[in-house]
Amino acid sequence: QVQLVESGGGLVQPGGSLRLSCAASGMIFSINAMGWYRQAPGKQRELVATITSGGVTNYADSVKGRFTISRDNAKNMVYLQMNSLKPEDTAVYYCNAEVRRDPRLPLRTYWGQGTQVTVSS
């Protein structure tokens, strides 16, 4: 199996910063895209940022210029540096990864359990 574990969430004041980390472990042959999503109370889960294995990134318009996604392919980790945080960034943040467990198997998407980010004074 494959597990994704997020860390780094917490309470921060508006304008502050947080860095989220996500570690993928288990039976992993290769990982394609990795990403961060978030879900606020009463809202649907939405994309925050994604990054390919080659480092190509994509961001939601609402976080462009404030958030930076990066990854360490050797460690199977993805990060989200969040700066200039706003109250509307408050949500549970989930990481995901497109994983191939074996060269003979198709890609499958896995999700972490989520980490809470609260932006409030």
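Everything quoted here is computed from the prediction, not taken from an experiment. As a convention, each chain's residues are numbered from 1 in the sequence order in which they are written. In keeping with the predicted nature of the model, local features appear solely for residues at pLDDT of at least 70, side-chain atom pairs appear and are counted solely at 80 or more, and the whole-chain, interface and lining totals rest on all residues. The side-chain numbers reported here are obtained from all heavy atoms of the structure, hydrogens and water having been left aside.

**Observations concerning the state of the cysteines**
Pairs of cysteine sulfur atoms within 2.5 Å are what we label disulfides. All chains considered together, the criterion is met by 1 disulfide. Disulfide partner of Cys 22: Cys 95, at an S-S distance of 1.9 Å. Placement of Cys 22 in strand β3 (residues 18-26) and of Cys 95 in strand β9 (residues 91-100) is noted, with a sequence separation of 73 residues between them. The residues Cys 22 and Cys 95 share a single accessibility class, namely buried. Only DSSP runs of H or I reaching four residues or more are called helices, and only runs of E reaching two or more are called strands; each is numbered from the N terminus. Think of it in three bands: residues with accessible area under 20% of the maximum for their type are buried, residues over 50% are exposed, and the middle band is partly exposed, with areas taken using a 1.4 Å probe on protein chains only.

**Description of the packing of aromatic side chains**
Planes of paired rings set the category: under 30 degrees apart is stacked, over 60 is edge-to-face and the rest tilted, where pairs are Phe, Tyr or Trp rings (Trp by its six-membered ring) whose centres lie within 6.5 Å. Applying the stated criterion across every chain yields a total of 1 aromatic pair. Two conditions define a charge located above a ring, namely a distance within 6 Å from the ring centre to NZ of Lys or CZ of Arg, and an angle within 35 degrees of the ring normal. A cation over an aromatic ring shows up here: Arg 45 above the ring of Tyr 94, its NZ or CZ 3.7 Å from the ring centre.

**Overview of the environment of Lys 75**
Considering the arrangement of structural elements, one finds Lys 75 in the loop between β7 (67-72) and β8 (77-82). Lys 75 gets classed as exposed once you look at its relative accessible area, which sits at 56%. For the pair Lys 75 and Pro 41, spaced 34 residues apart in sequence, the C-alpha to C-alpha distance is 32 Å.

**Considerations on the sheet that holds β8**
Taken together, the 4 strands give an open sheet; going across it, the order is β1-β3-β8-β7, and neighbouring strands pair in antiparallel fashion. Every other strand in the sheet has two partners, leaving β1 (2-7) and β7 as the edge strands with one partner each. Each strand axis lies, on average, 15° off the axis of its neighbour in the sheet, ignoring direction. The sheet contact formed by β1 and β3 spans 6 bridges and is antiparallel. Pairing between two strands is assigned when DSSP locates at least 2 bridges connecting them. The convention used is that axes are lines fitted to C-alpha atoms, helices contributing only their stretch in contact, and that angles between N-to-C directions extend from 0 to 180 degrees.

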